[in-house]
Amino acid sequence: NHLAMIGLGGTGAQQSKDCAFAAGSIAGAPLRVSWFLVIFFIKQLVDAVNEHQLPLWVRVSLVTGNELLLLGTVLCHEMGHGTMARRCGGTIAEVLLWPFGGICFTTRPTGRSPREKLVDDLYIVAAGPATHFPMSGAWVALLAAYAAACSHVVTPSAWKYLVPFS
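Residues numbered from 1 in each chain as written. Predicted model: local features only at pLDDT ≥ 70, side-chain atom pairs only at ≥ 80, totals over all residues. Heavy atoms only, no water.

(A) Seen up close, helix H2 (residues 35-51). With 17 residues, H2 ought to run about 24 Å at 1.5 Å a step, and its terminal C-alpha atoms sit 25 Å apart, in line with that. Of all the residues in H2, the buried ones are Leu37, Gln44, Ala48 and Glu51. Summarising the axial view, the buried residues of H2 lie within an arc of 55 degrees, below the 170-degree limit, and thus occupy one face. Between a side-chain oxygen at the N-terminus of H2 and the backbone nitrogen of Phe36 the separation is 3.1 Å; the capping residue is Ser34. Positive backbone phi, at 70 degrees, marks His52, one or two positions downstream of H2. (Helix = DSSP H or I, 4+ residues; strand = E, 2+ residues; numbered from the N terminus. Expected span 1.5 Å × (residues − 1). Buried < 20%, exposed > 50% of the residue type's maximum accessible area, 1.4 Å probe, protein only. Arc of directions from axis to C-beta. Polar contact = N/O pair within 3.5 Å; in protein donor to acceptor, adjacent residues only side chain to side chain.)

Here it is, written out as C-alpha cells:
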C-alpha cells in the first residue's frame, strides 16, 4: 500500500484519506485537497469582506489571487518531485495539497541497489525546490502586470492574506 508510511508522510497519508477530497488529476496523477485549506480560504475571505478599507472586489480578488498563487506554487513544486520520480522509473500515487504545503506520494522501481535508490532520492528531493527558479520569474512578471493594472488602487501587503488567523 503506497500510503502505509510513518512520520510526517504517514500523517499526510491519513489526512489525505480522512480530511481531503478528490480534486481531479494533474499529469495523470490524482490530486486531493485538504478541507482545512478550504476552511482557511473561507476565513481569509470573511476577514477581507469585514475590512472595509478597499472596495469589496479588490479585497476578494486579493485573497483569491494570493491563494491561487500560493497553491499554484505548491502544486508546481510537488509536481517537480513527482516528475523526477517518474523519470527515475517510479510513479506518482497522488498529490495532496494541505495546510503544510503539499505531499507528492511516489513509488520507486524495484530491484535498485542502495546506491541507486540514494541517487534517485537525491534527484527527487532536489527537483521540487528546483522548480522555484523558473517559477520566480513567472510570478514576478505576473505580479508586475497586476501592479500595473491596479496602480490606481492602493492595496495592503499581500502577506496579510497569506497568513490565516492573523
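(B) Molecular detail of the pattern of salt bridges. Scanning all chains against the criterion turns up three salt bridges. Among the ionic pairs, Lys43 bridges to Asp47, the shortest N-O distance being 2.5 Å. Separated by four residues within a single helix, Lys43 and Asp47 lie in helix H2, roughly one turn from each other. For Lys43, a relative accessible area of 24% corresponds to the partly exposed category. A relative accessible area of 27% places Asp47 in the partly exposed class. The closest approach of N and O atoms between Arg112 and Asp120, which form a salt bridge, is 2.7 Å. On the basis of relative accessible area, Asp120 is assigned to the buried category, the value being 8%. (Salt bridge = Lys/Arg side-chain N within 4 Å of Asp/Glu carboxyl O.)

(C) Focus on helix H4 (residues 114-130). The end-to-end C-alpha separation of H4 is 24 Å, in line with the 24 Å expected for 17 residues at 1.5 Å each. Those residues of H4 not exposed but buried are Asp120, Ile124, Ala127 and Gly128. Buried residues in H4, looked at end-on, bunch into an arc of 95 degrees, giving them a common side. In H4, those exposed residues whose orientation departs by more than 90 degrees from the buried face are Pro114, Arg115, Leu118, Leu122 and Val125.

(D) View of the environment of Asp18. Following the sequence through the fold, Asp18 ends up in helix H1 (residues 7-18). With a relative accessible area of 53%, Asp18 lands in the exposed category. With 17 residues separating them in the primary sequence, Asp18 and Trp35 have C-alpha atoms 9.5 Å apart.

(E) Molecular detail of the confidence of the model for the protein. Per-residue confidence for the protein gives a mean pLDDT of 84, with 82% of residues at or over 70. This model gives residues 1-6 a pLDDT under 50, and the stretch forms nine contacts once residues within four places in sequence are excluded. (pLDDT = per-residue confidence, 0-100. Contact = heavy atoms within 4.5 Å.)

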